[in-house]
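Here's the letter readout for the chains.
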Amino acid sequence: MRGQTDTTGMGTDEERKGDFQQADIKYLSRWKKWKRSSSKSLKKILSEAKGVSSYLVLWRHDIHSIEGRFGTGIQSYFSFLRFLVLLNFIIFILMFSFVTLPIIISNYGIFNSTIAKISSKNIEYNCTIYEPSGNKGLVYFYTYLQDLLSGTGILEVTSLFYGYYTIDTVWISIMRYNLPLAYLLATFAYLALSLLWIIKRSVGGFKQNLVHDADPFQSYCNKVFAGWDFCITDPNAAQLKHRSLQYELQMDLEEERLKQKIADRTIKEKLRIYSLRIFINIIVIAVLSGCFYSIYRVTVFSQEKSNDISNLNFQASLLVQYLPSIVITLANFIGPQIFSFLIKFEDYLPAFEIILTLMRCVFLRLANIAVLLFSLWSQISDCAADKCEPCGYNYKLYPCWESDVGQEMYKLMIFDFIIILAFTLFMDFPRKLLVTHCSCKAIQWWGLQEFSISDSVLEIIYGQTICWIGTFFSPLLPAIATVKYFIIFYIKKISLIHTRKPADKPIRASSSNFFFLVVLLIGLILAFIPVGVSIASLVMFYFMALAGAHKRVVEQLREQLVLESRDKMFLIRKITEAQRHP
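Everything quoted here is computed from the prediction, not taken from an experiment. Residue numbers restart at each chain and count upward from 1, following the sequence in its written direction. The predicted origin of the model limits local features to residues at a pLDDT of at least 70 and limits the giving and counting of side-chain atom pairs to 80 or more, whereas totals for whole chains, interfaces and linings rest on all residues. Side-chain metrics rest on all non-hydrogen atoms present in the structure, leaving aside hydrogens and water.

A look at the overall build of the protein chain
A tally of regular secondary structure across the protein chain gives 16 helices and 5 strands. Relative accessible area decides the class of each residue, using a 1.4 Å probe on protein chains only: under 20% of the type maximum gives buried, over 50% gives exposed, and in between gives partly exposed. Within the protein chain, the proportion of its 582 residues that are buried is 41%. Carbon and sulfur atoms provide 65% of the accessible area of the protein chain, an area that totals close to 33800 Å². We count a stretch as a helix when DSSP gives it H or I for four or more residues in a row; a strand needs E for two or more, and each element gets its number in order from the N terminus. Shrake-Rupley sampling with a 1.4 Å probe provides the accessible areas, and residues are treated as covered by the protein chains on show and by no other component.

Remarks on the pattern of salt bridges
Any carboxyl oxygen of Asp or Glu that lies within 4 Å of a side-chain nitrogen of Lys or Arg is treated as forming a salt bridge with it. In the structure shown here, the tally under the stated rule is 6 salt bridges. Its salt-bridge partner being Lys484, residue Asp416 comes within 2.7 Å of it at the nearest N-O pair. Pair noted here: Asp416 is in helix α12 (residues 401-437) and Lys484 is in helix α15 (residues 477-499), with a separation of 68 residues, a long-range link. No difference in accessibility class separates Asp416 from Lys484, as the two residues are buried.

Quick look at helix α4 (residues 72-107)
Helix length check: α4, at 36 residues, gives a terminal C-alpha distance of 50 Å against a target of 52 Å (1.5 Å per residue), a fit within 8%. Along its length, α4 reaches its greatest deviation from straightness, about 45°, at Phe96. Gly109 sits one or two positions beyond α4 and adopts a positive phi of about 65°. Here the expected span of a helix is defined as 1.5 Å times the quantity of residues minus one. We define the bend at any residue as the angle between the axes fitted to the seven residues before and including it, ending there, and the seven starting there.

Some details on the nonpolar core
One recurring pattern in soluble globular proteins: nonpolar side chains tend to sit buried together. Formed by 107 residues in total, the largest nonpolar core has its most connected members in Phe78, Phe80, Tyr190 and Trp468. For this core, the element with the highest residue contribution is α4, accounting for 15 residues. Ignoring sequence-local partners within four residues, the contact set of Phe80 consists of Val457, Ile460, Ile461, Phe516, Leu517 and Leu520. Definition of nonpolar core: a set of buried residues of the types Ala, Val, Leu, Ile, Met, Phe, Trp, Tyr and Cys, connected through side-chain atoms within 4.5 Å. By definition in these notes, contact holds between two residues if any of their heavy atoms fall within 4.5 Å.

Some details on the side chain of Thr482
Tracing the sequence through the fold places Thr482 in helix α15. For Thr482, a relative accessible area of 12% puts it in the buried group. In this structure Thr482 touches Val85, Asn88 and Phe89, once residues within four positions along its chain are discounted.

Side note on the UniProt feature "transmembrane region" (unreviewed entry) in the protein chain
Under the UniProt annotation, the feature "transmembrane region" (unreviewed entry) is placed at residues 83-105, 181-199, 278-299, 319-342, 354-377, 409-427, 466-491 and 514-543. End C-alpha atoms of residues 466-491 are separated by 20 Å, and the span's content is 88% helix alongside 0% strand. UniProt positions are given in the numbering used here, feature names are shortened, and annotations may be inferred rather than shown by experiment.

With respect to the packing of aromatic side chains
Only Phe, Tyr and Trp rings are paired, with Trp represented by its six-membered ring, and only when their centres lie within 6.5 Å; those with planes under 30 degrees apart are stacked, over 60 edge-to-face, the remainder tilted. Inspection of every chain in the model, using the stated rule, returns 27 aromatic pairs. A ring pair is formed by Phe92 and Phe96, whose centres lie 5.7 Å apart and whose planes are at 35°; its orientation type is tilted. Residue Phe92 and its partner Phe96 are both found in helix α4; the two are separated by 4 residues, about one turn of the helix. A ring pair is formed by Phe341 and Phe345, whose centres lie 5.2 Å apart and whose planes are at 75°; its orientation type is edge-to-face. Owing to a relative accessible area of 46%, Phe345 belongs among the partly exposed residues under this scheme. Each residue in the set Tyr162, Tyr164, Tyr165, Tyr183, Trp377, Trp401, Phe472 and Phe473 is aromatic and connected to the rest through ring pairs, giving one cluster. Over the ring of Phe83 we find Arg201, and its NZ or CZ is 4.4 Å from the ring centre. Only lysine NZ and arginine CZ atoms are considered, and such an atom sits over a ring when it is within 6 Å of the ring centre and within 35 degrees of the ring normal. Directly above the ring of Tyr462 sits Arg365, whose terminal nitrogen or CZ lies 5.6 Å from the centroid.

Describing the environment of Tyr348
Along the chain, Tyr348 falls in the loop between α10 (314-343) and α11 (350-380). Residues Tyr348 and Ile262 lie 86 residues apart in sequence; the distance between their C-alpha atoms is 8.9 Å.

A few points about the environment of Ser306
Relative to the helices and strands, Ser306 is located in the loop between α9 (267-305) and α10. Sequence separation of Ser306 and Leu397 is 91 residues, and the distance between their C-alpha atoms is 9.3 Å.

Brief notes about the environment of Tyr164
Mapped onto the fold, Tyr164 is located in the loop between α5 (141-150) and β2 (167-172). Linking Tyr164 and Ser403, residues 239 residues apart in sequence, is a C-alpha distance of 8.7 Å. Among all residues touching Tyr164, those that are not within four sequence positions of it are Ile103, Asn107, Val157, Thr158 and Ser159.

As structure tokens, then:
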């Protein structure tokens, strides 16, 4: 009876509440009735639109499937890759719309548009000469392949590189469009956009990381009692969610076991481990120093031999041009292998082990780019024997040094993509076939290659840093990066499912997401430095050339004044003689 009374009371309250709402609506004005109904309709439309838009998210189903099969750690890598695809696509739209598109419109005369070239009347003439030869006359077929791989020839005279943009003003009907200013502002815009977007994503990962680290017991409770999604009705989706939770718990238990092991260490064991870590770090420093010196030497050699490249055959010329990229790629491949091998002897927790390996690889890859840029700059600014007069840089070897830097970034990006594709085709697949069809004990002990999250993340952060630096020198480079990462997503997915196996020590998505973005932020900060130095150098070179031209004009004026003074003295003498002898 008591339960029946309570139920009746609840029903009565709900009915009274509905009656009150109907009474309120009855006494409202038409405007307020329409406003209330419109607000409800708009909320419903937005809710439905949000539900539909979730199905339009790029690779939504693929990433969800990867999360269930391999855990949230590997899923976070693919989500990170999707973020870079979207970021590069937006950067491409920005650069194309404000830099390249106005020139295309003016070249085709759309909207009665015209162009005005940059005036060189106040600048030293030698500093304005840039005439890339391209491919003239009959050329061999492999020449086009060489141009595609190195960014020279037919590509050098296109809108891909900085040297193409020699236009000062675009007139669209009666509107004046200042292209140099737009180029500069677009550069600042894509760097600022990248910075703000990364910070925005990092805040969410930082909050998740704090929640997890606050109380491990609470994390267990959340996974066990509140980790399941009761909205799941599909059996396959339920199985995916079950596997995802299983990987999370496995990682937590592994960390707790190792923490207990570390707590039970004796003083002797601690001294042995610390001594071993110091020795290993000395080896790491030696490896890094060797990589940096090798990159510097081959970059200087490649730049010195680039003048005689026309006398070489196809293979030799391509090797000379790609020598810095090859050495950097070898360093990026060998270095992480050494670091991954050495980290096993340092006896860290899985999470810190991944972070330390990543930091070493981050420093290696990003410092390799910095050494390459430093080597290029040392050649561009080589002012021995007055090579830099009057432009402020070695304009004889580098008539447009910005395009040369853009070509190096272009080659690094292309070669990086070729290596990722070749490694999957010629290393992972043969290894998978051997392990599957060969019963030899040595082959079975070798096993499948692990899907290393640290190596995979560093690959794309390295490529993204190249893209950020190269976009100033090659405005269409983000389009190449977008296509590159789009293809890499499917290469990595096929490699993960068919040719590799998940790592024995899975990582947590919350910490990995945050750390990936922090490393990406370091790469962006590194990109700020060469782009900022390049912009400052352009301004400095312009004023140096302007000062040289001004000095030359002053000397010409002095000579002219001397000549005029001589002419005046001659005329005065003639007039005087005429007066004396009328």
